[in-house]
Every structure is written in structure tokens, then in C-alpha cells.
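Below, each chain spelled out in residue letters.
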Amino acid sequence: MGFNYAAEKKKFETLWARLRREYRAAGMSDTAIQKMHDFDWEVFKQERIYRLHTQDLGIGIFDEHSAEQEDKSALMKKFLESVSRWDDYTTASRYGWIEGIGDQRLVRVLKRLSISEKELLTKYCIEDKTQQEIAAEMGLSQRAVGKQLQQLKNFFRKF
């Protein structure tokens, strides 16, 4: 349920009427009491803004039952794609292994390679795939993959 401003403000003012009496009885000055009231009033307004701009998705904390709960929330279905990040390894993070190399000259050279060359190296060296597997995934012949790997080997020998 949303923030009921009138009811919450009434509770706030009732509380502060009691607190003013207690603080005066304790010997606090009206200026100090007013500063405390003003601080609490700012917190009250921030809480109101927070509650007005925050909406419960209605599914609770994600746990082993979250798949069951997910189906019950229309908001979750509507906004799941926009609030989720699924890494499909097509971004630069796919080639994050390059950053782990200690030789900065080699890192610069590897970063200048084409995407297809980086992909070929990643599949062959990092994922330990065979030329036949790479050829099938990349839509090339095994011979073409072998030729590209040989060109890369020759390039790195010169390096």
C-alpha cells in the first residue's frame, strides 16, 4: 500500500507534541527542540518520497522458490528483461583473458586483432576446442580454420 500522508503526518505531529513536552520538562531550549523537530521532519519527507517512488514487486526475496513466485508477479514479467543482465559472452568480457597477460606489448597487439581472430584464439587456446569444433561453430571448413591458426602462429613467432 502507498504512503498515506495525512495519517502519517498526524502520527508524526502527535509524537512530536509528546516529545516537545518531554524535552521541555528535561530542560531543553525551544531552539534545540525545534532543530530536532526540523531534522525529523526532513527524514519524514524523505521517507514519503521514497515510498511514493518505490514499488514492491510482490515476490519477496529470490530463493529456491523464486521460480514459482516469479510467475505470480505481472510487474516481474513486464520488467524482467530491462532489469536483468544475462551475459551471452558476446561483449568485450569474452576476451577478458587478454587483460590477464603480463606483457603489455602483447596485450596491445592482441587488442588490435580483429574480432574473428580474437574469437578463433579464444576458442582454440582458452576453450581448448579442436579445429573441427571451431569450424562447425564458425561455419568454416576445418582447412580454413587451420590456415587462420597457422597465420596467427606465424604472426606471433615474429612478435
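The following refers to the structure shown.

Conventions used here
- Residues numbered from 1 in each chain as written.
- Predicted model: local features only at pLDDT ≥ 70, side-chain atom pairs only at ≥ 80, totals over all residues.
- Heavy atoms only, no water.
- Phe/Tyr/Trp six-rings, centres within 6.5 Å; stacked < 30°, edge-to-face > 60°.
- Helix = DSSP H or I, 4+ residues; strand = E, 2+ residues; numbered from the N terminus.
- Buried < 20%, exposed > 50% of the residue type's maximum accessible area, 1.4 Å probe, protein only.
- Salt bridge = Lys/Arg side-chain N within 4 Å of Asp/Glu carboxyl O.

### Considering the packing of aromatic side chains
So, step 1. Tallied over the entire structure, the rule returns six aromatic pairs.
So, step 2. The interplanar angle of 55 degrees and the centroid separation of 5.3 Å between the aromatic rings of Phe-12 and Trp-41 together place this pair among those described as tilted. Placement of the pair is Phe-12 in helix α1 (residues 5-25) and Trp-41 in helix α2 (residues 30-53), with a sequence separation of 29 residues.
So, step 3. Here the aromatic rings of Phe-155 and Phe-156 are separated by 5.2 Å at their centres, their planes lie at 70 degrees, and the arrangement is edge-to-face.
So, step 4. Given a relative accessible area of 36%, Phe-155 falls into the partly exposed group.
So, step 5. Grouped by ring-pair contacts, the aromatic residues Tyr-5, Phe-12, Trp-41 and Phe-44 constitute a single cluster.

### A few points about the pattern of salt bridges
So, step 1. Across all of its chains, the model carries 12 salt bridges by this definition.
So, step 2. The partner of Arg-51 in a salt bridge is Glu-47, with the nearest N and O atoms 2.7 Å apart. One end of the pair, Arg-51, and the other, Glu-47, are both in helix α2, four residues apart, so they sit about a helical turn from each other.
So, step 3. Taking the relative accessible area as the measure of exposure, Arg-51 reaches 41% and is therefore partly exposed.
So, step 4. A salt bridge links Glu-127 to Arg-94; its shortest N-O distance comes to 2.5 Å. Of this pair, Glu-127 sits in the loop between α6 (115-126) and α7 (131-138) while Arg-94 is found in the loop between α4 (74-83) and α5 (104-112), placing the two residues 33 residues apart along the sequence.
So, step 5. When salt bridges that share partners are traced, they join Arg-94, Glu-119, Lys-123, Glu-127, Lys-129 and Glu-137 into one network.

Without other data, these values stay purely geometric and don't point to any function.
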